[in-house]
Amino acid sequence: MSAAAVDWARVKADFPVVNGRIDGQPIVYLDSANTSQKPHAVIDAMADFMRHAYAPINRSAYRLAAAATDAYEGARTKVQKFINAPKAHEVVFTKNATESLNLVAHSWGGANLKRGDAVVLTHMEHHANIVPWQMLAASHGIELRWIPLTADGQLDLTNLSTLLDGAKVLSFTAMSNVLGTITPVAALCKAAHDAGAVAIVDACQYVPHNVTDVQAWGADFVTFSSHKMVGPSGIGVMWGREALLDAMPPFLGGGNMIADVRLDGFTCAELPAKFEAGTPPIVEAVGLGAAVEYLSGLGMSNVRQHEMHLTDYALRTLTDRYGDDITIHGPRNVEVRGAVLSFAFRDIHPHDVSQVLDQKNVCVRAGHHCAKPLMRLLGANATARASFYIYNDESDADALADALDGASDIFGL
Amino acid sequence: MPGLEDLYREIILDHYRSPRNRGELPTPPAVHAQGHNPLCGDEITVYLQIDGDTITDVKVGGQGCSISQSSASMMSQAVKGKKVDDVKAVVRKFKSMMSIDDEDPTPIPEVKLGDLEALQGVVKFPVRIKCAVLAWNTLTEALAEAQ
């Protein structure tokens, strides 16, 4: 099946919010890099589970609880297959991608990094892949190094071997949430390993939009969230290699993560329970499983093709219409960028751009996108950001372009 | 949804395009405070020169959206040359116009807001209230600095 064989209008019909109206006008949802909308399949799976099958997992003998446990663990297996992880128990459910990155930094990093050890990050990271390492810098005295960017917003790998020399960790985004840049993940993982460093991939913006194969990447840890991939909020994923996870101390302590607790100490449960303290997001896991099934049904290579087409169309439409009045950050080549368009429009502040677009129900993010170091590099306090997904089509890019006209009228520019 | 003309009144756009009292003051003798809106990245620095009980000069630095910058500009006009106690009354009155409750049990002072009333339309766009009050919260911090 190719992208042309997918009925994208049918896909759009699956998402109630993008078919909704505000003040009688259709909603143009262009904020999927922030969080995605949910299809009926996910909403129904969660509602049905709560109506008919909800029960505790992992700790009760009755059949209802056993079936709920199967549903929860079934979601784990779906995620495992979706990212081609070797083993289901390497897939750990967390609260979100931020918690996943914190888990890796604090548990693996806390146990394996010592004063003076270097962790290499990039200038295009989300705060979630910066602040946990800065916290480790404060508590463990680690050194942070930064891969710079090229003028068109790709990673400048000229001095990669120098930056990686003696480093213990390379932690980087697979796709920038501001620039849309897709990074050379497999090559970076290999470079990390050649230097003796562990490779951690923040795949939060990548997994929802591309075929993900953690083994082909050669990564050690991969993190992402459910809510950006048509699943519910409240659940994220941390995948790690079994040997690394086995050797790590637990992150949060409490119920479910122990094999035994005595007055003088505890022993950990096996994977993945070791990293899932307390009652997990059970309903959300069921929703995530349904989301994975939904996306798998479309085919992730089809999703990627659809978005490449849309990105190209949106880039052409906006630049043809507004020329130098619009500055779109990040690479022009859609082979190396996802469907995220951060832009500056004339001299109008992004917050005002967003306000004017909202008048036409065009929903874009305005702000620093939780990537303030990158924003400083761009010389902007904020940008407006339009991001596209499977339920968007060319008419949404046209609506964005049309709505921008209104901003010029108001600000008289 | 209210129309944008309620938000982007001409006087607001005028202050946005031509902000008053932009710049810095040497500290000391002036005091200053920085405020930022973590949601949208707006930043404002307010400098106050206070002599006795009077704000004799005010300057505003920073960058942000039309609402935050015009509010800062109008604020600077409203406080320059005023007594500190009168300014505090204006702050309370302005924030009450923005539907922000303070914990002060005494009645909101009856002071004239003049041009500042142009910002009243912001209340219809609740997301933008934070933009409008940023300069005023920063002013309050700068006044606290001076005490």
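Bear in mind that the values here come from a model prediction, so they are computed numbers and not experimental data. (Residues numbered from 1 in each chain as written. Chains lettered and ligands numbered in written order. Predicted model: local features only at pLDDT ≥ 70, side-chain atom pairs only at ≥ 80, totals over all residues. Heavy atoms only, no water.)

1. Quick word on the overall build of chain A
Reasoning step 1: Helix and strand counts for chain A come out as 14 helices and 17 strands.
Reasoning step 2: In summary, chain A has a C-alpha radius of gyration of 22 Å against a globular reference of 22 Å for 413 residues, a match within 12%.
Reasoning step 3: Principal-axis analysis of the C-alpha atoms gives chain A an extent of 70 × 55 × 40 Å.
Reasoning step 4: The proportion of buried residues among the 413 residues of chain A is 57%.
Reasoning step 5: In chain A, once contacts between residues fewer than 6 apart in sequence are set aside, the share between residues at least 24 apart is 70%.
Reasoning step 6: Within the structure as shown, chain A displays about 15,900 Å² of accessible surface, and the carbon and sulfur contribution to it stands at 53%.
Reasoning step 7: Both charge centroids of chain A, one from 32 positive and one from 44 negative side chains, sit 4 Å from each other. (Helix = DSSP H or I, 4+ residues; strand = E, 2+ residues; numbered from the N terminus. Rg over C-alpha atoms; globule rule 2.2 N^0.38 Å. Buried < 20%, exposed > 50% of the residue type's maximum accessible area, 1.4 Å probe, protein only. Contact = heavy atoms within 4.5 Å. Areas by Shrake-Rupley, 256 points an atom, 1.4 Å probe, with all protein chains shown as cover. Lys, Arg positive; Asp, Glu negative; His and termini not counted. Charge placed at Lys NZ, Arg CZ, Asp CG, Glu CD.)

2. Digging into the packing of aromatic side chains
All names here are of chain A.
Reasoning step 1: Applying the stated criterion across every chain yields a total of nine aromatic pairs over all chains.
Reasoning step 2: Aromatic side chains Tyr322 and Phe345 sit 5.0 Å apart centroid to centroid with 85 degrees between the ring planes, which places their arrangement in the edge-to-face category. Here Phe345 lies in strand S14 (residues 340-345) and Tyr322 lies in helix H11 (residues 300-322), a separation of 23 residues in the sequence.
Reasoning step 3: On the accessibility criterion, Tyr322 (6% relative accessible area) is buried.
Reasoning step 4: Here Phe345 falls in the buried class, since its relative accessible area comes to 1%.
Reasoning step 5: Judged by centre distance (5.6 Å) and plane angle (75 degrees), the rings of Tyr389 and Tyr391 are edge-to-face. Accessibility classification places Tyr389 together with Tyr391 in one group, the buried group.
Reasoning step 6: An aromatic cluster of three or more residues is present, and its members are Phe15, Tyr29, Tyr294, Tyr389 and Tyr391. (Phe/Tyr/Trp six-rings, centres within 6.5 Å; stacked < 30°, edge-to-face > 60°.)

3. Description of the sheet that holds strand S3 (residues 54-63) of chain B
Backbone-to-backbone hydrogen bonds pair the strands of a sheet. The strands run either parallel or antiparallel.
All names here are of chain B.
Reasoning step 1: Strand order in this open sheet of three strands is S1-S2-S3, and the pairing throughout is antiparallel. Each end of this open sheet is capped by a strand with a single partner; those strands are strand S1 (31-37) and S3. The average angle at which neighbouring strand axes cross in this sheet is 20 degrees, direction not considered.
Reasoning step 2: When S1 meets strand S2 (residues 42-51), the two strands line up antiparallel, connected through seven bridges. (Pairing = 2+ DSSP bridges. Axes fitted to C-alpha atoms, helices over the stretch in contact; angles between N-to-C directions.)

4. A closer look at the packing of helix H2 (residues 10-17) of chain B against helix H3 (residues 66-79) of chain B
Residue and element names in this part refer to chain B.
Reasoning step 1: Following both chains from N to C, one finds H2 and H3 inclined at 85 degrees, their axes separated by 8 Å at the closest point. Between H2 and H3, the interaxial angle falls into the category roughly perpendicular. Counted together, Ile11, Ile12, His15 and Tyr16 of H2 and Ser66, Ile67, Gln69, Ser70, Ser73, Met74 and Gln77 of H3 form the full contact between these two elements.
Reasoning step 2: In terms of residue class, the contact of H2 with H3 is built from five nonpolar, six polar and no charged. (Parallel < 35°, antiparallel > 145°, perpendicular 65-115°, else oblique. Nonpolar A, V, L, I, M, F, W, Y, C, P; charged D, E, K, R; others polar.)

5. Looking at the pattern of salt bridges
Residues and elements named next belong to chain A.
Reasoning step 1: Here the structure, examined in full by the defined rule, presents 25 salt bridges over all chains.
Reasoning step 2: Across the salt bridge formed by Arg262 and Asp260, the nearest N and O atoms sit 3.3 Å from each other.
Reasoning step 3: Ionic pairing is found between Asp402 and Arg321, a salt bridge with its closest N-O pair at 2.7 Å. One end of the pair, Asp402, is in helix H14 (residues 394-411); the other, Arg321, is in helix H11, with 81 residues separating them in the sequence.
Reasoning step 4: When its relative accessible area of 45% is taken as the criterion, Asp402 is described as partly exposed.
Reasoning step 5: The partly exposed category is assigned to Arg321, whose relative accessible area is 38%.
Reasoning step 6: Look at the salt bridges and you will find they share partners, linking Glu73, Arg76 and Glu276 into a network. (Salt bridge = Lys/Arg side-chain N within 4 Å of Asp/Glu carboxyl O.)

6. Considerations on the interface of chain A and chain B
When the parts of a complex come together, some accessible area is lost, and that lost area is often used as the size of the interface.
Reasoning step 1: Across the boundary between the two partners, chain A contributes 17 residues, which contact 24 residues of chain B.
Reasoning step 2: Taken over both partners, the interface formed by chain A and chain B buries close to 1,700 Å², and the fraction arising from carbon and sulfur atoms is 48%.
Reasoning step 3: Together, His351, Gln355 and Asn381 of chain A form the three largest contributors to the area buried by chain A at its contact with chain B, with a combined 33%.
Reasoning step 4: Put simply, chain A and chain B have one salt bridge between them.
Reasoning step 5: Note that Arg128 of chain B and Asp352 of chain A form a salt bridge whose closest N and O atoms lie 2.8 Å from each other.
Reasoning step 6: Counting every contact that joins chain A to chain B gives seven residue pairs in polar contact (both at pLDDT 80 or more).
Reasoning step 7: Of all the secondary-structure elements, those providing two or more residues to the side of chain A that touches chain B are helix H12 (350-358), strand S16 (365-367) and H14 of chain A.
Reasoning step 8: Per-class residue counts for the side of chain A that touches chain B are five nonpolar, eight polar and four charged. (Buried area = accessible area lost by both parts, 1.4 Å probe. Polar contact = N/O pair within 3.5 Å; in protein donor to acceptor, adjacent residues only side chain to side chain.)

7. Re the sheet that holds strand S4 (residues 91-94) of chain A
Residues and elements named next belong to chain A.
Reasoning step 1: Taken in spatial order, the seven strands of this open sheet run S4-S10-S9-S8-S7-S5-S6, and their pairing is mixed. Strand pairing shows two members of the sheet lacking a second neighbour, S4 and strand S6 (143-147), which therefore form its edges. Between one strand and the next, the sheet's axes are offset by a mean angle of 20 degrees, whatever the strand orientation.
Reasoning step 2: Inspection of the sheet shows strand S9 (residues 221-225) paired to strand S10 (residues 236-240) by five bridges, in the antiparallel sense. If you follow Val222 over to S10, its bridge partner there is Trp239.
Reasoning step 3: Taken strand by strand, helix H3 (residues 63-82) contacts S4, S9 and S10, and its axis lies near 120 degrees from that of S4.
Reasoning step 4: Most of the contacts of helix H7 (residues 185-194) go to strand S8 (residues 198-202), to which it runs at about 155 degrees, and overall it touches strand S7 (167-173) and S8.

8. So, H3 of chain B
Residues and elements named next belong to chain B.
Reasoning step 1: In this model, H3 (14 residues) spans 20 Å end to end at C-alpha, consistent with the 20 Å of a helix rising 1.5 Å per residue.
Reasoning step 2: Counting buried residues in H3 gives 13 out of 14 residues, a clear majority hidden from the surface.
Reasoning step 3: A positive phi of about 80 degrees marks Gly81, the residue just after H3. (Expected span 1.5 Å × (residues − 1).)

9. Quick word on the packing of H12 of chain A against H14 of chain A
Residue and element names in this part refer to chain A.
Reasoning step 1: Between H12 and H14, whose axes approach to 8 Å, the crossing angle comes to 115 degrees. You can see that H12 and H14 cross each other, and the crossing is right-handed. On H14, the residues touching Asp352, Val353, Val356 and Leu357 of H12 are Leu400, Ala403, Leu404, Gly406, Ala407, Ile410 and Phe411.
Reasoning step 2: Its residues assigned to classes, the contact of H12 with H14 shows nine nonpolar, one polar and one charged. (Left-handed = near helix turned anticlockwise from the far one by under 90°.)

By themselves, these observations are geometric and do not establish any function.
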